[in-house]
Amino acid sequence: MPASSRDMTPSARAGRLPASPIRRLAPLADAARERGIHVHHLNIGQPDLAPPDSVLRALEDASSESLVYAPARGSSDAVSAWQIYYSHHSVELELDDILVTNGASEALMLALLTTCDPGDDILLPEPFYAPYKGLIAITGLNPVAVPSGPDLTPPSADTVREIVTPNTSAMLICTPSNPAGTVYGQNDLSDLGAVAVENGFFLLSDETYREIVFDGPAAPSALAIPGLDDHVVVIDSVSKRFNVCGLRIGSLVSRNRAIMNAALEIAELRLAVPMIDQRAVVSALTAPRPYVDTVVDEYRKRRDAVLEGLRTIPGVTAHPPAGAFYVVADLPVADAESFAAWMLSEFALDDETVMLTPMSDFYATPGRGVNQVRIACVFDADTLARAIEIVGQGLSVYRGES
Ligand SMILES: Cc1ncc(COP(=O)(O)O)c(C=O)c1O
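Residues numbered from 1 in each chain as written. Predicted model: local features only at pLDDT ≥ 70, side-chain atom pairs only at ≥ 80, totals over all residues.

Chemist: Describe the overall build of the protein chain, and please don't skip the residues or the numbers.
Modeler: On a plain count of helices and strands, the protein chain comes out with 13 helices and 13 strands. When the backbone C-alpha atoms are referred to their principal axes, the protein chain occupies close to 65 × 60 × 50 Å. Within the protein chain, the proportion of its 402 residues that are buried is 49%. The contacts of the protein chain with a sequence gap of at least 6 include a subset with a gap of at least 24, amounting to 75%. (Helix = DSSP H or I, 4+ residues; strand = E, 2+ residues; numbered from the N terminus. Buried ≥ 20, exposed ≤ 12 C-beta atoms within 10 Å, placed from the backbone. Contact = placed C-beta atoms within 7 Å.)

Chemist: Account for the site of the ligand, with residues named and values stated.
Modeler: The immediate surroundings of the ligand are formed by 13 residues, with Gly103, Ala104, Ser105, Ser237 and Ser239 found nearest. Ranked by residues supplied to the shell around the ligand, first place goes to helix α5 (residues 103–115) with 3 residues. (Near = placed C-beta within 6 Å.)

Chemist: Can you break down unusual backbone geometry residue by residue, with the values?
Modeler: A cis amide bond links Thr175 with the next residue in sequence, Pro176, at an omega value of -15 degrees. Position of Pro176 relative to the elements: it lies in the loop between β5 (168–174) and α8 (186–199). That bond from Asn178 to Pro179 is cis: its omega, 15 degrees, falls within 30 degrees of zero. Tracing the sequence through the fold places Pro179 in the loop between β5 and α8. Of note in this structure, Asp350 is not a glycine but carries a positive phi near 50 degrees. Inspection of the secondary structure puts Asp350 in the loop between α12 (336–345) and β11 (352–355). A count of 10 C-beta atoms within 10 Å places Asp350 in the exposed class.

Chemist: Pulling in residues and values, what's your account of the nonpolar core?
Modeler: Grouped together as the largest cluster of nonpolar side chains are 124 residues, with contacts concentrated most on Met171, Val281, Ile375 and Cys377. Residue assignment places this core across two domains, with domain 1 (13–49 + 291–401) and domain 2 (54–286) each supplying three or more. Excluding residues within four positions of it along the chain, Ile375 makes contact with Leu42, Val306, Tyr326, Val327, Ala329 and Leu356. (Core = buried A, V, L, I, M, F, W, Y, C linked by C-beta atoms within 7 Å. Domains from an automatic or database assignment.)

Chemist: Outline the pairing of strand β8 (residues 250–253), listing residues and values.
Modeler: Successive residues of a regular strand alternate their side chains across the two faces of the sheet. Both faces of β8 are covered, namely the face carrying Gly250 and Leu252 and the face carrying Ser251 and Val253. Note that strand β2 (residues 98–101) and β8 share 4 bridges and pair antiparallel. In the sheet register, Ile98 faces β8, and the bridge partner there is Val253. The pairing of strand β7 (residues 232–237) with β8 spans 4 bridges and is classified as antiparallel. (Pairing = 2+ DSSP bridges.)

Chemist: Talk me through the sheet that holds strand β9 (residues 317–319); I want residue IDs and the actual numbers.
Modeler: One open sheet accounts for 4 strands, arranged β9-β10-β13-β12; its pairing is antiparallel. Strands with a single pairing partner mark the edges of an open sheet, and in this sheet they are β9 and β12 (357–358). Where strand β10 (residues 326–330) meets strand β13 (residues 372–376), 5 bridges bridge the pair, whose relative direction is antiparallel. Residue pairing across strands places Tyr326 opposite Ala376, the latter belonging to β13. Strands β9, β10 and β13 of the sheet are contacted by helix α11 (residues 290–311), whose axis makes an angle of about 15 degrees with β10. (Axes fitted to C-alpha atoms, helices over the stretch in contact; angles between N-to-C directions.)

Chemist: Break down the environment of Val378 for me, citing the residues and quoting the values.
Modeler: Tracing the sequence through the fold places Val378 in the loop between β13 and α13 (381–401). Overall, Val378 belongs to the buried group, with 22 C-beta atoms counted inside 10 Å. Once residues lying within four places of it in the same chain are set aside, the contact partners of Val378 are Gly45, Gln46, Pro47, Asp48 and Phe325.

Chemist: Please set out the pairing of β13 residue by residue, giving values where relevant.
Modeler: Among the 5 residues of β13, 5 are classified as buried, and the element is accordingly described as predominantly covered. Alternating residues of β13 divide into Gln372, Arg374 and Ala376 and Val373 and Ile375, and every residue in both groups is buried. As defined by bridge partners, β12 adjoins β13 across 2 bridges and the pair is classed as antiparallel. Its bridge partner lying in β13, Thr357 is registered against Arg374.

Chemist: Any chance you could break down the domain arrangement of the protein chain for me, citing the residues and the numbers?
Modeler: Under the domain assignment, the protein chain is made up of domain 1 (13–49 + 291–401) and domain 2 (54–286). Domain 1 and domain 2 are separated by 26 Å when their C-alpha centres are compared. Contacts between the two partners involve 33 residues from domain 1 and, on the opposite side, 33 residues from domain 2. Counting residues per element, the ones that place at least two in the side of domain 1 that touches domain 2 are α11 and β10. The biggest single contributor to the side of domain 1 that touches domain 2 is α11, with 7 residues. When the residues that make up the side of domain 1 that touches domain 2 are grouped by side-chain class, the tally is 20 nonpolar, 6 polar and 7 charged. (Nonpolar A, V, L, I, M, F, W, Y, C, P; charged D, E, K, R; others polar.)

Spelled out as structure tokens, the structure:
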């Protein structure tokens with residue numbers, strides 16, 4: 001047998017994925033369950049609400065003709081459905097501006113691959129959706145943290161002007177944001193768009209939670225801001241607005257035709273997005289908005305239950321979100337990861353405990369977010385109130401110990 005010239009180990013690229021506290025906690029939750037403890041999973045953005053009936057009906061009606069490859073851009077009915085959906089948000093698009101993707105996750109990857117080269121700087125308002133860090137690492141980009149405004153509001157244009165470098169290819173924003181629920185208004189988007197035009201970078205806007213806004217209409221899309229057609233690339237998804245995370249349907253949307261052509265060429269390498277999943281969301285996408293409105297009312301109740309519960313816990317500061325369905329809380333502990341691990345491995349109240357997401361993964365700046373957790377409002381208000389009570393009891397015992 002010839003001597004091997006390399007160890008059979010993963011590539012350096014795979015090794016660039018940052019270590020994740022979230023992954024480290026999962027085995028502790030499994031072990032708690034094995035001990036008979038009920039774990040309230042406030043750590044994951046998997047909503048428990050029923051999807052629209054039209055989705056379930058379409059899945060029941062799936063037939064053998066659903067088993068073919070769809071066109072790489074997306075089936076024509078799904079592409080048209082996204083076009084109609086956007087027109088309900090006053091964004092007029094051509095069909096070629098839209099690519100159907102395997103969730104926002106694939107759209108994010110395509111956005112990074114088509115707008116940035118390895119070694120380029122990408123601006124990231126903190127805190128950000130934790131997987132951005134991994135996506136940026138494996139595409140070889142250099143994350144440049146942008147501090148948010150006061151109380152987790154959007155960063156100002158001047159802050160971005162101070163931070164942008166000649167090597168900056170893109171800024172990746174999320175509105176409403178996961179985890180902080182920050183909603184970028186029209187003015188925020190046009191101010192940041194002006195900086196993108198001045199400095200020649202792309203504005204990548206993840207609008208997965210567009211309609212989940214608590215006070216006022218859906219968050220404005222970056223696609224609706226005039227003068228930014230070449231700069232804006234939107235990442236979208238039906239996962240959260242229709243409670244269909246498992247269907248894996250999203251979209252990449254831009255009026256920059258060169259970017260869309262490049263994205264389509266890359267998408268051709270993965271051939272297609274599942275036909276059944278695409279069919280299933282057509283009616284929900286083209287319907288006017290009442291379904292999403294009921295979802296928003298429910299999330300408002302949940303957010304309020306979590307905020308109310310957190311207010312009663314000494315030393316905890318919660319950041320009320322304007323949208324999405326998470327709450328960021330500062331805990332009176334030195335290290336939220338150690339506390340989250342302790343909750344799973346050592347604490348239970350009447351055989352119940354809570355899994356929280358420690359937030360250091362949501363920052364590129366070392367040391368930031370170490371005392372913060374993200375709480376996902378993915379259960380009804382009573383269950384969330386109980387879970388927050390357990391966190392409060394846990395904190396009082398933990399602080400007694402430390
Ligand atoms: C901000 C944000 N972007 C993208 C995604 C990925 O969504 P999808 O299920 O469409 O891949 C999520 C999922 O939690 C998210 O919160």
